Each structure stands twice: as C-alpha cells, then as structure tokens.
Amino acid sequence: MDKKLKQSLKIAAVRRELIVVWLINGDKIKGIAEVSADPERVKINTIEGPVWVPINDVENISRVVRMIVKGEIEE
C-alpha cells in the first residue's frame, strides 16, 4: 500500500470523514472511517454496520471533506 494512501486513511479516521474505499478485487465500501488499534486493518462504519478491511486490500480511497462556510455575501 502506498504511504500517502495509508496517511490519508489515518487522517480520515481522526476526522471521522465519509470515505469510499476501492478494493483490489473491484468492490467498493462507503462509510465513516474510524480510528483502529489494529495497524493492519481499517475500520469503516457502513449503513449495514462496522466493516474491518485489511489495509493491503485497499487500492484507492476518496474522502468527502466537510466545509463550513461562515457568513454569506448578499447581492
């Protein structure tokens, strides 16, 4: 697994971000990343329940980043 990919998973878990994980076998898993004590697996909370995925099976991830917009510009 790519070092940047592993780091991105860690950041997503700390921030409890929504992620989509593409696996080597072509499957994808969508859910909230969670911090795990197991360095070999990533924990994803899906709508069906928690899923533990071996990090070596992860091909790519997408993180959904929440942005807070303060104030609005009136025209």
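The rules behind these values
Residues numbered from 1 in each chain as written. Predicted model: local features only at pLDDT ≥ 70, side-chain atom pairs only at ≥ 80, totals over all residues. Heavy atoms only, no water. Helix = DSSP H or I, 4+ residues; strand = E, 2+ residues; numbered from the N terminus. Buried < 20%, exposed > 50% of the residue type's maximum accessible area, 1.4 Å probe, protein only. Polar contact = N/O pair within 3.5 Å; in protein donor to acceptor, adjacent residues only side chain to side chain. Contact = heavy atoms within 4.5 Å. pLDDT = per-residue confidence, 0-100. Salt bridge = Lys/Arg side-chain N within 4 Å of Asp/Glu carboxyl O.

Caption draft 1: How the structure looks around the side chain of S8. Here S8 is to be found in helix α1 (residues 3-14). Looking at S8, the relative accessible area reads 16%, which means it is buried. In this structure the side chain of S8 is engaged in a polar contact, spanning 3.4 Å, whose partner is the side chain of R63. Those residues in contact with S8 that sit more than four places away from it in its chain are I61 and R63.

Caption draft 2: Spotlight on the confidence of the model for the chain. On average, residues of the chain score 88 in pLDDT, and 93% of them reach the 70 mark or higher. The weakest mean pLDDT in the chain belongs to α1 at 88; the strongest belongs to strand β1 (residues 18-23) at 95.

Caption draft 3: Molecular detail of the pattern of salt bridges. As enumerated under the stated definition, the model contains four salt bridges in all. Salt-bridge contacts for R63 lead to E17; the nearest nitrogen and oxygen are separated by 2.6 Å. With R63 in strand β5 (residues 58-64) and E17 in the loop between α1 and β1, the pair connects residues that are 46 residues apart, well separated along the chain. When its relative accessible area of 27% is taken as the criterion, R63 is described as partly exposed. One salt bridge connects E34 with K43, and the closest N-O pair in it is separated by 3.5 Å. Through salt bridges with shared partners, one network takes in R16, E34 and K43.

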